[in-house]
Amino acid sequence: MDLKLIDIHAHVNFNAFRLDGDEVVRRTLAEQVGMIMVGSQIDTSRRAVEYAKRYPDGVWAAVGLHPIHLVSFEVDASELGEMGNKSVPGFQTRPEKFDHDAYLEIAKNKKTVAIGECGLDYYRVGQSHEEKTLQHNTLREQIRLAREVKKPLIIHCRNAYDDLYRILQEEQAGDVGGTIHFFVGSWEDAQKFLSLGFHLSFTGVITFARNYDEVVKKAPLDRIMVETDAPYVAPVPHRGKRNEPLYVKDIAIKVAELRGISYEEVAHATTQNAGVLFKL
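This structure is a prediction, so every number in the text was calculated from the model and none was measured.

Draft legend 1. Highlighting the packing of helix 4 (residues 129-149) against helix 5 (residues 161-170). Their axes nearest at 11 Å, the elements helix 4 and helix 5 cross at an angle of 40°. By the angle class used here, helix 4 and helix 5 are oblique. The two elements helix 4 and helix 5 meet at a crossing, and its hand is right-handed. On helix 5, the residues touching H136, L139, R140 and I143 of helix 4 are D163, L164, R166, I167, L168 and E170.

Draft legend 2. Structural context of the pairing of strand 3 (residues 59-63). Of all 5 residues in strand 3, 5 are buried; the element is thus mostly enclosed. Residues V59, A61 and V63 of strand 3 are buried on one face, and the alternating residues W60 and A62, pointing to the opposite face, are buried as well. The pairing of strand 2 (residues 33-38) with strand 3 spans 4 bridges and is parallel. Within the sheet, the bridge partner assigned to V38 lies in strand 3 and is A62. Following the chain from strand 2 across helix 2 (residues 42-53) to the adjacent parallel strand 3, one finds a crossover that is right-handed. By the bridge criterion, 3 bridges tie strand 3 to strand 8 (residues 112-121) in an arrangement that is parallel. When the bridges of strand 8 are listed, V63 appears paired with I115.

Draft legend 3. Here's a closer look at the sheet that holds strand 10 (residues 178-180). Taken together, 8 strands build an open sheet; the order of strands is 1-2-3-8-9-10-11-12 and the sheet is parallel. The sheet is open, and its two edges are formed by strand 1 (5-10) and strand 12 (224-226), each paired on a single side. Across the sheet, the axes of successive neighbouring strands diverge by a mean angle of 30°, strand direction being ignored. On top of the sheet, helix 4 reaches strand 8 and strand 9 (153-158); it is set at about 165° to strand 8, its chief contact.

Draft legend 4. Layout of the layout of surface pockets. Its boundaries defined by the atoms lining it, the second largest pocket holds a volume of some 150 Å³. Lining of the second largest pocket is provided by K4, L5, E31, Q32, V33, L246, K249 and Y263. A per-class count over the lining of the second largest pocket returns 4 nonpolar, 1 polar and 3 charged.

Draft legend 5. Structural context of the packing of helix 5 against helix 6 (residues 187-195). The interhelical angle for the contact between helix 5 and helix 6, taken along N-to-C directions, is 15°, at an axis separation of 11 Å. Classified by the angle their axes make, helix 5 and helix 6 are roughly parallel. By crossing handedness, the relation of helix 5 to helix 6 is classed as left-handed. Each of Y161, D162, L164, Y165 and L168 in helix 5 lies in contact with helix 6, whose residues at this interface are D189, K192, F193 and S195. Tallied by class, the residues present in the contact of helix 5 with helix 6 amount to 5 nonpolar, 1 polar and 3 charged.

Draft legend 6. Up close: empty space enclosed by the protein. Considering all chains together, one arrives at 1 cavity of 30 Å³ or more under this definition. Lining the largest cavity, in full, are P67, L70, V71, V125, G126, E131, L134 and Q135. Along the lines of polarity and charge, the residues of the lining of the largest cavity split into 5 nonpolar, 2 polar and 1 charged.

Rules and cut-offs
- Residues numbered from 1 in each chain as written.
- Predicted model: local features only at pLDDT ≥ 70, side-chain atom pairs only at ≥ 80, totals over all residues.
- Heavy atoms only, no water.
- Axes fitted to C-alpha atoms, helices over the stretch in contact; angles between N-to-C directions.
- Helix = DSSP H or I, 4+ residues; strand = E, 2+ residues; numbered from the N terminus.
- Parallel < 35°, antiparallel > 145°, perpendicular 65-115°, else oblique.
- Left-handed = near helix turned anticlockwise from the far one by under 90°.
- Contact = heavy atoms within 4.5 Å.
- Buried < 20%, exposed > 50% of the residue type's maximum accessible area, 1.4 Å probe, protein only.
- Pairing = 2+ DSSP bridges.
- Right-handed = clockwise from strand over helix to strand, strands pointing away.
- 1 Å grid on protein atoms, 1.4 Å probe; cavity = no way out; pocket = protein on both sides within 12 Å on 5 of 7 lines; lining within 4 Å.
- Points joined across faces, edges and corners; volume = space filled by probe spheres on them.
- Nonpolar A, V, L, I, M, F, W, Y, C, P; charged D, E, K, R; others polar.

Nothing here speaks to function; it is geometry throughout.
Okay, here's the thing in structure tokens:
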């Protein structure tokens, strides 16, 4: 399939799409937009692989354990977008312990192209020393899994860039490679991760917040990618709606505007970058 864009991080495998997930995938592919479907725990990771297997091309999976799923906490409904005409209910997460063998089994699938999303989150959890230690150890295990299966990482990081950089250095994760998903750090932060060989990926937040303009402008074109993080954080002009992989085009348009280059150039570069990194 000749793809014009690739959304490198979408969660059509989440409950926000349980009524119309395949319809969303089909209309996205019809516009020559591909996607990597990303898991956040064992169930959604398995579901991502099953989705990817249903489509011969244009849909891939990433499998991993998100740091917020290491402990139990309440997810507010306001974070979850819309599902048709019904609001997505909030829910209580159940704690999951990283099971190497379970993740290895699905990581070896040919439609699995990355390990993630995994990483650190000090915003919702990680307030205690014990929680931070658990996150650090689980991230290290997933970096080692990525090395074992020779697939790159999709890294989640919220309020923890310094610790993330230290762990990636200590684990020599630059040899594995990957992307810092939903990057919202400073240019100084960006330079550190770029120096390790990682990519940066940008979401719809860049369409309505100006905090990240410098990074979008300065990051090397061959080291950036675009993503929706659907169903979350829909870009302008879709604010307030459930986000979808098709809206990745609006993010690419904003990258082009900020960098002063054509949309076509951004689309070509980010699609090529994703193809090379994830061996699509």
